[in-house]
Amino acid sequence: MTEAKLPQKRFFRQRAHANPFSDHQIKYPICPSEMDWSVHYPDYFPSDKKVEFADLGCGYGGLLVSLAPVFPDTLMLGMEIRLKVQEYVHQRILALRQQENAYKNISIIRMNAMKFLPNFFEKGQLSKMFFLFPDPHFKKRKHKARIIRYLLPHLLFSLFSSTLLAEYAYVLREGGIIYTVTDVKDLHEWMVEHLTKHPLFERIPDEEALADPVTPHVMASTEEGKKVERNQGDKFLALFRRVSDPYFSGAN
C-alpha cells in the first residue's frame, strides 16, 4: 500500500470567512440518535462512546491533531463551515491515521454550528468546547454574525431558547469548559461580557485557567495562534465552566 501523504495546504485555500446565515446545503441528522458516527471513528464502533470535545470553527485542524495523543480515548470533533478547509482536515486526518496508526479519535464534519448544534449532540454530551481565534466581525452591523452571541428576549423566543449560549449550555455537561482565545482585545472583552451574563456559565479564574493542561494547546496549536506568535502579538484567554441550572435541580 502506498503511504498516504499529508495534503498541501496551498491547494485548499479559501476565503477566511463564510456567511453563517447562507444556505450551504449542509446535510445534518434530524436528531443526535440519527447520526452515524461509525464513519468518523470506525475503530470505536460499535460501542457506546460519544464525542466529548468539540472545536467550533476548527480551521485547519491544529488543535485536534495536538490533543489527539493527549486524550487518546476521547472522541473529538472539529466543525468547519468552509468546504475546502474541511476537506483539507479530513485528508490530513486520514493520512496521519495511515502513517502513524493513530489519530483515530479525531474527525471533522462540515457543519454550521450556529444552526445545527443540537442536531448532533445530546444534552450534556460534551465536556469541552473550543472557540479559538473566531472571526471578530468588527463592523457593528456584523456583530450578529459572531459565533458567541447573547440576544435579549423578544416576542417569539425566551431568553434561553433564543441564544446560542443557551445551546452551548444545553450540549455542555455540568462542569464542562468553554475555551476562548483571541488576539483581538475588543472581541475578548465582548465574549467575556456576554458569557459572564449567562446564568449557566462562570468564568474560571486566570490562575486556574493557565494551569489547565489543555491551555497550552489552545494557545499555540492552531494556525492563527502560530501566526500571532510569529507576529509577536497578544493572546487573550478566557475559560468558562458550565454550572448547574439554578432553576432546575439536577439539570445538566
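Bear in mind that the values here come from a model prediction, so they are computed numbers and not experimental data. (Residues numbered from 1 in each chain as written. Predicted model: local features only at pLDDT ≥ 70, side-chain atom pairs only at ≥ 80, totals over all residues. Heavy atoms only, no water.)

## Description of the packing of aromatic side chains
The description of an aromatic ring pair uses the distance of the two centres, along with the angle that the planes make with each other. A full pass over the atoms with the stated rule returns eight aromatic pairs. Relative to Phe 121, the ring of Trp 37 has its centre 6.3 Å away and its plane inclined at 10°; by these criteria the two rings are stacked. Of this pair, Trp 37 sits in the segment before strand 1 (51-56) while Phe 121 sits in the loop between helix 3 (113-120) and strand 4 (126-132); the two residues are 84 residues apart in sequence, bridging distant segments of the chain. Here the two residues Trp 37 and Phe 121 agree in accessibility, since each one is buried. Through successive ring pairs, a cluster of aromatic residues spans Phe 53, Phe 71, Phe 130 and Tyr 179. (Phe/Tyr/Trp six-rings, centres within 6.5 Å; stacked < 30°, edge-to-face > 60°. Helix = DSSP H or I, 4+ residues; strand = E, 2+ residues; numbered from the N terminus. Buried < 20%, exposed > 50% of the residue type's maximum accessible area, 1.4 Å probe, protein only.)

## A word on the pattern of salt bridges
Scanning all chains against the criterion turns up 10 salt bridges. Residue Glu 80 is joined to Arg 82 by a salt bridge in which the shortest nitrogen-to-oxygen separation is 2.7 Å. In terms of burial, Glu 80 and Arg 82 fall into one category: buried. A salt bridge links Glu 208 to Arg 241; its shortest N-O distance comes to 2.5 Å. A residue pair is termed long-range when its members are at least 10 positions apart, and Glu 208 in helix 6 (residues 206-211) and Arg 241 in strand 7 (residues 236-242) qualify at 33 residues. Through salt bridges that share partners, Glu 202, Glu 208 and Arg 241 make up one connected network. (Salt bridge = Lys/Arg side-chain N within 4 Å of Asp/Glu carboxyl O.)

## Quick notes on the sheet that holds strand 1
The seven strands lie next to each other as 3-2-1-4-5-7-6, forming an open sheet whose pairing is mixed. Strand pairing shows two members of the sheet lacking a second neighbour, strand 3 (106-110) and strand 6 (201-203), which therefore form its edges. Each strand axis lies, on average, 20° off the axis of its neighbour in the sheet, ignoring direction. One ladder, built from five bridges, connects strand 1 with strand 2 (residues 75-80); its direction is parallel. Residue Phe 53 lies in a different strand from strand 2, and its bridge partner there is Met 76. (Pairing = 2+ DSSP bridges. Axes fitted to C-alpha atoms, helices over the stretch in contact; angles between N-to-C directions.)

## Structural notes on the nonpolar core
The nonpolar side chains of a soluble globular protein tend to be buried with one another. By size, the foremost hydrophobic cluster in this structure holds 34 residues, and its most contacted members are Leu 56, Met 79, Leu 117, Phe 121, Met 129, Tyr 168 and Ile 178. At the level of elements, strand 1, strand 2, helix 3, strand 4, helix 4 (164-171), strand 5 (172-182), helix 5 (185-197) and strand 7 are the ones that each hand at least two residues to this core. Within the second largest apolar cluster, 31 residues are counted, among which are Met 76, Val 214, Val 228 and Leu 237. (Core = buried A, V, L, I, M, F, W, Y, C linked by side-chain atoms within 4.5 Å.)

## Concerning helix 5
The periodicity of an α-helix, 3.6 residues per turn, causes residues three or four places apart in sequence to face the same way. With 13 residues, helix 5 should cover 18 Å at 1.5 Å per step; its first-to-last C-alpha distance of 18 Å lies within 8% of that length. Every buried residue belonging to helix 5 is among Leu 187, His 188, Trp 190, Met 191, Val 192, His 194 and Leu 195, and all of these are buried. Looking at the packing, one finds that the buried side of helix 5 touches helix 4, strand 5, strand 6 and strand 7. (Expected span 1.5 Å × (residues − 1). Contact = heavy atoms within 4.5 Å.)

## Examining the confidence of the model for the protein
Overall, the prediction assigns the protein a mean pLDDT of 83, with 79% of residues at 70 or greater. Confidence drops under pLDDT 50 across residues 145-162; counting only partners more than four residues distant or on other chains, this segment forms 46 contacts. (pLDDT = per-residue confidence, 0-100.)

## Observations concerning the pairing of strand 4
Across the seven residues that make up strand 4, a large majority, seven, are buried. Relative to strand 4, strand 1 runs parallel, the two being bridged by three bridges. What sits directly across from Ala 54, in strand 4, is Met 129. Relative to strand 5, strand 4 runs parallel, the two being bridged by six bridges. If you follow Leu 126 over to strand 5, its bridge partner there is Leu 172.

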